[in-house]
Amino acid sequence: METLQNIAQGLLERGDVSMVIGYTPGTIPGKTKTIFARTPEAAQKLTFNENCVNNLSIYLTRQYGNIGEKPVALVVKACDARTVNVLIQENQLKREQVYLIAVPCNGVKDEHGVEQGKCKSCAQRVPKDYDALAGETPAPVEIDPTLRFKALEQFDAMSPDERWEFWMKEFEKCVKCYACRQACPLCYCERCITDKTTPRWIEPDTSTAANLSWHITRAFHLAGRCIGCGECERACHQNIPLGLLNRKMAKEVFDNFGYRAGESAEAKPVFADFRYDDKEEFIR
Amino acid sequence: MNYGYFPGCSLHATAKEFNDSTKLVCDKLDLELKEIDKWICCGATPAHTTNQELGIALPFANLQLAADQGFDTVVAPCAACFNRLRSADFEVKHSGYTAERVGYITGSRTDINVRILHIIQLFRDEYGYSRLKEVFSKPLKGLKVANYYGCLLLRPSLVMKLDDPENPVIMDELTNLTGAESVPWAFKTECCGASLAIPETEIVLDLSKKIIDSAKNAGADVIAVACPLCHANLDMRQKQIGKKFGADYSTPVLYITQLLGLALGIDPSKLGLDSHLVDPYPVLRAKNIL
Amino acid sequence: MARIGVFVCHCGENIGRTVDCSVVAKESAKLRDVVYSVDYKYMCSDPGQIMVKDAIKKHNLTGVVIASCSPLMHEKTFRRAVQETELSPFLCEMANIREQCSWVHEDKVLATKKAVDLVRLMVEKVKRNTPLEPIRIPVTKRALVIGGGIAGIQAALDIADGNQEVVMVEKSPSIGGHMAQLSETFPTLDCSQCILTPKMVSANSHKNIKLYTYTEVESVTGYIGNFDVTLRKKARYVDDSICSGCGICQEKCPQKKISSEFNTGLGKRPAIYIPFPQAVPNIPVIDKERCTYFKNGKCKACEKFCDRNAIKFDQTDEFINIKVGAIVVATGYEMYNIGKNNKNGIKGYGEYGCGEDPDIIDSLQFERLLSASGPTFGEVKRPSDGKVPETVVFLQCVGSRDKAKGMEYCSKICCMYTAKHTMLYKHKVHHGQAFVFYLDIRAGGKNYDEFVRRAIEEDGAIYLRGRVSKIYREGDKLIVKGADTLSGSQVEIAADLVVLATAITAQPDIVPLAQKLGVGYDKYHFLSEAHPKLKPVETNSAGIFLAGACQAPKDIPESVAQASAAAAKVLGLCSATELEREPYVAKVYESTCAGCGFCIEACPYKAIDNKAIVNRQGKLIKNVAYINQGLCQGCGTCLSVCRSKSIDLAGFTDEQIFSEINSLFV
Amino acid sequence: MSQHKETIKHDFEPNIVAFVCNWCTYTGADLAGTSRLKYEPNVRIIRLPCTGRIDYNLLLKAFESGADGVLVSGCHPNDCHYNLGNFHARRRFTVFRQLLDFVGIDIRRIQFAWVSAAEGAKWAQLVTQVTNEVRELGPFTNYKRISELSFPYKELEPEPLEEVTA
Amino acid sequence: MKIFKITGTYKDLVETLLSLDYKVIAPVNRNKLTRFDFINSADEVLSPDEVLNTVRPAKEHLFPMTETVARFSYEGKKLRIGDVEVPEEKSVIIGLRPCDAAAFDAIDKIFSYVYQDKFYLTRRNNTTLISVACEHPDNACFCTSFGISPDSAKGSDILLKKSKDSSLFAFISTERGEDLARTINNIIPEEQPDPGRDLYEAAEKNMRAPLDLPKIKEALNTNFESEYWNEFSRCLGCGSCAYLCPTCHCFDIVDEVRYDKGIRKKNWDACQFPLFTLHASGHNPRDAQNKRYRQRLMHKFKYYHDRFDTHLCTGCGRCIRECPVNIDIYEAAAELCGCEANI
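Residues numbered from 1 in each chain as written. Chains lettered and ligands numbered in written order. Predicted model: local features only at pLDDT ≥ 70, side-chain atom pairs only at ≥ 80, totals over all residues. Heavy atoms only, no water.

Q: Before we go on, may I ask you to explain helix 3 (residues 98-111) of chain E in this structure?
A: One turn of an α-helix holds 3.6 residues; hence residues three or four places apart share an orientation. Residue and element names in this part refer to chain E. Counted at 1.5 Å a residue, the expected span for helix 3 with its 14 residues is 20 Å, and the 20 Å between its end C-alpha atoms agrees. By the criterion of burial, helix 3 is predominantly enclosed, with 11 of the 14 residues buried. Along helix 3, the residues classified as buried are P98, C99, D100, A101, A102, A103, F104, A106, I107, D108 and F111. (Helix = DSSP H or I, 4+ residues; strand = E, 2+ residues; numbered from the N terminus. Expected span 1.5 Å × (residues − 1). Buried < 20%, exposed > 50% of the residue type's maximum accessible area, 1.4 Å probe, protein only.)

Q: Would you take a moment to explain the sheet that holds strand 27 (residues 497-502) of chain C for this structure?
A: Hydrogen bonds along the backbone pair up the strands of a sheet, which may run parallel or antiparallel. Residue and element names in this part refer to chain C. Taken together, 5 strands build an open sheet; the order of strands is 20-27-21-22-23 and the sheet is parallel. The two strands at the open ends of the sheet, each matched to only one other strand, are strand 20 (360-362) and strand 23 (462-465). Adjacent strand axes in the sheet meet at a mean angle of 25°, parallel and antiparallel pairs treated alike. Pairing analysis gives 5 bridges linking strand 21 (residues 391-398) to strand 27, with the strands arranged parallel. Within strand 27, the residue paired with V393 across the bridge is V498. Against the sheet, helix 11 (residues 363-370) engages strand 20, strand 21 and strand 27, with an angle of about 90° to strand 20. (Pairing = 2+ DSSP bridges. Axes fitted to C-alpha atoms, helices over the stretch in contact; angles between N-to-C directions. Contact = heavy atoms within 4.5 Å.)

Q: I'm lost on the domain arrangement of chain B in this one. Help?
A: Quite often, the size of an interface is put as the accessible area lost when its parts meet. All names here are of chain B. What the domain assignment reports for chain B is domain 1 (2-119) and domain 2 (135-286). In this assembly, 24 residues from domain 1 lie in contact with 27 residues from domain 2. Roughly 2000 Å² is buried in total at the junction of domain 1 and domain 2, and carbon and sulfur atoms are behind 77% of that figure. Where domain 1 packs against domain 2, one counts 0 salt bridges. (Domains from an automatic or database assignment. Buried area = accessible area lost by both parts, 1.4 Å probe. Salt bridge = Lys/Arg side-chain N within 4 Å of Asp/Glu carboxyl O.)

Q: Got a minute to help me understand the packing of aromatic side chains in this structure?
A: When we look at a pair of aromatic rings, we describe it by the centre distance and by the angle of the planes. Here the structure, examined in full by the defined rule, presents 62 aromatic pairs over all chains. Taken together, a centroid distance of 4.7 Å and an interplanar angle of 10° make the contact between C:Y349 and C:Y352 stacked. We classify C:Y349 as buried; its relative accessible area is 2%. Measuring from centroid to centroid gives 6.1 Å for E:W229 and E:F232, while their planes differ by 45°, and the two rings are tilted. (Phe/Tyr/Trp six-rings, centres within 6.5 Å; stacked < 30°, edge-to-face > 60°.)

Q: How should the pattern of salt bridges be read in this particular structure?
A: Once their charged atoms are close, side chains differing in charge can pair, the charge on each being opposite to the other. Here the structure, examined in full by the defined rule, presents 124 salt bridges over all chains. A:K33 is paired through a salt bridge with E:E331; the nearest N and O atoms lie 2.9 Å apart. Of the two residues, A:K33 sits in strand 2 (residues 32-37) while E:E331 sits in helix 11 (residues 329-336), which places them in two different chains. For A:K33, a relative accessible area of 12% translates into the label buried. For E:E331, a relative accessible area of 10% gives the class buried. With a shortest N-O distance of 3.0 Å, C:E261 and C:R269 are connected by a salt bridge. You can call C:R269 buried: its relative accessible area is 5%. Ionic contacts of the salt-bridge type, sharing partners, join the residues C:D357, C:D359, C:R382, C:D385, C:K387, C:R473 and C:D476 into one network.

Q: I would appreciate a short explanation of the interface of chain C and chain B in the present structure.
A: Contacts between the two partners involve 10 residues from chain C and, on the opposite side, 8 residues from chain B. Here chain C meets chain B over a buried area of about 720 Å², counting both sides, of which 56% is carbon and sulfur. Contact with chain B buries area across many residues of chain C, yet C:E351, C:K470 and C:Y472 alone supply 53% of it, more than any other trio. Where chain C packs against chain B, one counts 1 salt bridge. A salt bridge links B:E190 to C:K470, with the shortest nitrogen-to-oxygen separation between them at 3.9 Å. Summed over the shared surface of chain C and chain B, the number is 1 residue pair in polar contact (both at pLDDT 80 or more). Grouping the constituent residues of the side of chain C that touches chain B by class yields 2 nonpolar, 1 polar and 7 charged. (Polar contact = N/O pair within 3.5 Å; in protein donor to acceptor, adjacent residues only side chain to side chain. Nonpolar A, V, L, I, M, F, W, Y, C, P; charged D, E, K, R; others polar.)

Q: Any chance you could explain the confidence of the model for chain B here in plain terms?
A: Low pLDDT marks regions whose predicted coordinates should not be analysed in detail. All names here are of chain B. The predicted model of chain B has a mean per-residue pLDDT of 89, with 100% of residues at 70 or higher. Confidence scores differ between elements of chain B, with helix 2 (residues 44-50) showing the lowest mean pLDDT of 82 and strand 5 (residues 144-147) the highest of 94. The complex model carries a pTM of 0.72, and its ipTM stands at 0.74. (pLDDT = per-residue confidence, 0-100.)

Here you go:
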């Protein structure tokens with residue numbers, strides 16, 4: 001069973017890749033840091049444990065400038081690999097530009113030791129498509145599929161006004177630090193719509209109305225694209241349950257169009273496509 | 001599913017055989033018909049010509065009775081009752097003013113929602129042709145039937161919504177299911193003169209003659225009807241027509257429910273075949289149905 | 001700073017009655033950037049337009065708002081007027097205070113307030129307009145005519161005579177359309193073959209016309225001046241380049257009993273046939289469904305006897321791609337069939353026997369009986385037993401003007417051809433008597449009413465004003481029960497033959513074609529013209545024109561007139577070397593585009609593709625979307641799928657729409 | 001046709017914004033005009049080339065500027081002048097309205113319709129129905145409350161502090 | 001520095017403060033978020049031993065995230081501009097930690113440097129800061145590097161400390177502190193001798209070793225273009241560190257216009273966003289993320305010190321705890337100047 005370090009070291013020694021992006025222990029217990037290992041020695045610092053919660057595919061996007069002539073190796077969990085699929089699907093990179101080192105994963109925890117919501121309903125445990133596997137393919141896990149949208153059920157029971165109260169209390173906390181945007185691998189736009197001033201669709205201040213239109217925009221921009229890696233919710237120090245918005249979008253896209261983000265890199269993005277028999281019972 | 005049964009006056013009197021045959025056929029098909037308690041006359045054709053409001057309030061009172069007694073569907077075999085119930089329901093639903101007046105006259109709620117079906121609709125929509133096909137034990141092979149619809153069943157079409165007013169097929173389909181052959185003929189929706197039989201008998205004789213002639217030309221052995229008034233004009237007056245036009249008129253006129261009853265193997269006398277003025281037995285025996 | 005002029009129109013009474021135009025002008029004058037605001041009785045009139053032009057010069061306005069009718073009506077008029085000043089026409093916007101305000105509201109106070117709001121909206125929008133340049137696009141100097149009836153032929157000939165290439169497409173094996181089926185035509189009773197066949201021949205032989213028969217339009221893409229059309233040439237199983245039209249194959253074909261569509265089911269035809277003797281092109285077609293060879297592989301009689309072996313059983317449908325600059329739709333009509341299976345909410349005629357009785361025929365069938373090339377060679381014989389009918393009853397308005405049957409319109413030509421039928425019947429059966437049940441005789445054309453009077457007074461047709469309630473067969477006769485409202489009596493006629501003047505309806509398969517062309521249609525599936533009075537032959541899709549009965553029921557003179565009108569429009573369009581097109585196209589801000597490619601997938605016109613930006617060493621900097629301004633039609637779908645808002649659509653930019661919304665409820 | 005008696009005075013008059021496509025619904029609205037059909041004056045029509053162009057930002061901005069109800073209408077499927085615009089819009093708004101509903105915005109305040117150029121009557125009826133429906137819902141107080149919070153504009157004192165000519 | 005013994009518990013102190021006509025701001029845990037907020041009853045308050053420090057600093061009460069600074073409107077053609085007054089209302093912030101209190105002291109300098117920022121200063125002058133000494137700092141704290149200690153009174157008006165027998169003492173270091181003390185003298189009757197700081201000496205031990213600031217500043221002077229900055233290309237560029245930092249004070253001015261009325265808003269901004277230094281020409285002097293993180297270090301450890309000779313960091317550790325990719329400013333500064341970052 002090839003360990004992560006050996007694979008990485010081999011790649012760097014053979015010069016197949018320009019760097020290996022992986023995890024290394026952080027400065028605070030329970031935290032891990034990202035490491036851009038460029039030399040075989042640096043590869044030794046690579047590790048993988050239950051605290052490797054970051055979605056490293058964010059470093060493949062353009063503004064980080066890591067993608068060069070040579071491919072880049074990336075340590076990927078099952079969820080991260082689905083993000084790579086979406087990035088390929090959206091012309092941000094080509095499959096041959098990234099060497100995927102898959103790691104079997106049975107759930108990751110954030111720095112406070114709380115298991116991520118996504119892991120409870122994750123049945124895949126290892127990426128579908130990869131170039132090398134560091135470890136054994138774990139036995140498939142039987143997961144009740146309804147778990148995936150369980151968290152949304154509490155909202156169906158609430159009336160619109162109750163939902164409004166809930167979300168206004170949440171959005172009121174937002175400080176517009178945009179950590180949710182910057183932590184998301186799929187928010188790779190050079191200049192985000194909130195920074196556009198001609199015209200200013202979303203007000204930059206932290207009033208609840210401005211926060212509402214920001215979070216509605218963010219959720220809708222990720223509809224049909226977000227694979228539920230949970231980084232936005234983890235990065236939000238104000239503890240706003242952003243993951244619920246994305247999960248609701250994933251549920252609507254799945255219910256209405258049977259489309260699940262990140263399944264395949266060749267599929268046509270859901271909102272750039274349509275079907276003649278799409279549902280329309282809400283149209284008069 | 002139990003249905004509110006609204007026989008109407010004639011089915012308790014001159015058209016008793018329509019009532020018996022309906023009951024027998026429904027029992028055979030286990031469609032439970034429960035007569036509406038204390039129903040009143042629906043006003044038939046004359047009422048609404050003399051007083052428009054009463055012409056609506058009378059039949060609507062029956063619907064209110066049915067609603068109070070927990071029926072959500074009312075079945076009326078007689079075409080005139082069916083027509084008046086449907087018209088009353090239509091008027092009340094489409095005009096607030098009429099609804100107010102009827103509420104005042106009957107003294108009870110008018111925002112009730114009762115479904116009104118004719119007996120042939122019950123067979124077609126509730127029982128369904130597919131199940132009806134299997135249930136006929138004695139097919140009426142070789143019997144040629146001219147199905148006569150008359151006016152009240154079909155018109156005004158926006159209100160009755162039973163079938164295409166110009167080219168109805170429901171009774172023809174039911175007849176064909178029994179194994180008999182429903183013949184196409186031109187006069188199936190022509191008027192038989194209805195209540196003019198008393199004041200202007202001559203006109204009824206002319207109109208009925210034309211209808212019977214047209215049925216005979218089409219090769220029909222019997223005429224099937226679904227309205228006591230049509231039955232009266234066509235069956236009762238064949239002798240007078242014969243006398244007036246100097247020809248023999250003896251085409252039997254049966255109720256559609258009697259036809260279905262025969263095909264279900266029910267005893268003809270129970271179906272009331274003996275009480276017709278034109279005796280149907282010779283024709284039925286000739287076609288070895290009896 | 002912007003200097004905006006507001007011009008409020010009374011439109012005579014149309015706006016002035018429910019909107020207080022002087023108040024609108026006064027309120028608009030208070031707006032921040034409005035430096036000139038006035039109201040006038042008729043802005044679109046000459047003095048009105050001059051007032052606008054003078055104001056622009058005098059107050060050197062940077063934008064103009066005309067508060068009057070709908071932009072779809074007079075935007076072009078006012079923009080042309082503004083063009084004469086040095087202000088760009090695209091800095092003129094219209095506030096729709098007539099169709100969408102004064103005409104639809106009654107409360108004067110509310111309507112006036114709404115008008116003020118609508119003007120404010122447009123003032124805000126016009127401040128963000130930019131002086132756009134119309135886009136010049138090349139024009140393909142070739143026209144496509146869909147439909148080979150008299151309208152299609154006339155349009156094709158006129159265009160070709162304007163030495164312009166024409167491609168004519170006809171669905172059935174021969175051109176000629178319904179006119180070829182007629183015997184003689186009103187009001188001059190000249191025989192349709194004599195006046196039509198020469199046009200058909202010249203259409204087939206004209207050097208500028210390329211004729212495709214037995215061919216349908218498969219797909220249409222592109223836009224005015226640049227349509228890419230794919231035609232499906234259905235397999236004829238006869239090689240049209242070799243066949244000389246000698247007709248041997250039709251004689252030898254064992255299948256003789258197939259009912260002929262051309263003869264409306266009254267005559268018969270073989271499996272390999274030409275629809276009618278004067279068919280153009282004179283090349284037969286094999287009816288795949290009924291040819292014995294195609295059914296069970298035997299026979300091939302036609303192949304044996306064809307000395308040029310022009311029969312090709314293995315022929316398949318052929319697709320032809322052509323580029324055209326303009327399209328004329330002349331697909332004609334179809335007779336309403338009184339049978340049961342009618343679609344689009346149209347009902348059959350149970351009262352007249354649903355078309356089951358052979359002696360109750362429609363007028364096109366009667367035309368075939370009258371026609372010399374018809375199944376009875378011009379002799380009027382009853383389809384049932386071939387006897388010459390002594391009493392013929394004609395029924396007008398069968399289906400037409402009948403809400404219950406789903407067709408409320410008048411089919412316009414039945415009164416005239418029924419009068420013609422009574423005349424021709426009288427000339428052929430001297431002792432015969434024609435009855436006509438009619439509602440109102442509509443004979444409004446030149447010499448039309450005189451024609452009908454002649455049918456009544458000279459040829460003795462009895463016209464009974466009333467409807468027929470029932471027709472039924474009684475032995476050898478057809479009993480027609482109707483009313484004669486003029487004498488107030490019921491009428492019963494024992495007729496030998498009944499001819500129904502059934503309604504004119506749209507072609508059954510017109511809707512898919514209309515959708516391919518992007519042309520609108522009304523609830524009866526007649527194609528919608530751009531404007532009933534001012535643009536009768538144009539449609540809302542630029543470059544696509546209409547002619548003939550596909551637009552609405554009409555007779556031959558009108559169809560020919562419309563065909564020539566459409567031809568004139570096409571010649572006008574194609575005469576220009578290049579076309580000016582609305583400059584409403586989208587543009588990408590490459591600095592902020594993330595190259596995600598959503599817009600590339602979403603564009604209906606495939607006008608967007610990927611463009612790699614590389615530095616001087618050829619190293620890829622980034623991928624961005626690139627919009628080909630020639631193909632872009634300005635629908636704006638790409639704007640909505642662009643998450644970083646890096647695309648903007650000229651004419652409807654984000655800034656403009658944003659400013660409109662922002663000033664809505666001040 | 002629906003002759004609307006505008007004489008009845010209501011205490012609350014809703015503000016309705018209608019984003020319509022130029023080729024079908026705008027022309028349909030014009031047809032309602034030419035046929036003199038009457039409908040409620042609360043609607044303000046904003047013309048766009050196609051429903052494909054109507055993106056979700058417009059709806060949010062409409063509520064921010066004080067709309068109580070929003071109506072989006074365009075060509076029937078397959079009738080779109082640009083062939084595919086309305087299909088994209090349909091798919092987009094299927095999900096977007098669920099997002100608004102999820103966040104607690106009363107989804108009945110956002111209505112979608114197909115109105116063709118020939119359906120003047122449908123347009124008049126649609127506007128009247130939507131206006132009445134939104135009138136029953138009352139003003140969009142939820143949104144107005146947070147919108148006022150984010151725009152704490154206090155009327156300036158009457159006498160001008162600093163005169164700056166534009 | 002006057003020292004008083006408080007007769008009663010921390011909660012009693014909060015109760016008495018509530019009874020005054022001050023607006024009381026204290027650490028609370030509202031809706032899954034620990035922050036400083038107005039309270040109206042004592043039991044809402046998070047006592048010092050319940051939480052080490054709040055996620056959001058108290059800075060937002062003196063330097064609000066978003067604030068209207070001017071109003072303007074068009075009456076027809078005329079443009080009129082109006083000022084915005086900051087209400088003078090007395091408030092007290094209790095429950096600050098020494099690092100937060102010292103932070104206010106640091107940013108006071110910039111807000112009164114040349115332009116007297118009336119929005120910040122009005123609030124600052126009406127607010128009394130009561131800080132509470134830390135007994136259990138965590139491994140992200142490194143306030144000792146900046147001359148601050150778990151029981152430093154720097155920046156606070158009143159410092160609350162515990163003696164060995166855990167009775168509460170108030171150290172009043174400013175005149176504003178004394179005014180407040182006077183109004184609550186029922187709870188702090190008379191002066192007492194210094195009870196000593198043994199509790200806090202123990203606290204100091206398990207904190208991170210103090211940084212060698214001069215060495216760091218020296219390193220920053222020379223390493224502007226060093227390779228070392230590439231280490232921070234893993235920074236995501238979110239504004240968390242800036243918006244949770246008690247000393248970050250950058251802001252952006254934005255006009256929000258609704259047709260003919262508008263307000264000018266002052267919103268927080270952060271040097272970590274690309275927009276912060278984007279020129280109109282499209283050029284961005286700090287186009288890569290590691291350059292922006294370098295700016296953060298330079299400002300905190302050099303530029304600010306050059307001008308005000310106090311560092312723009314008080315070692316509160318919030319940015320270390322909340323950074324999504326665990327970039328540690330202490331480790332960054334230490335490694336930059338070559339010393340071993342012993343965490």
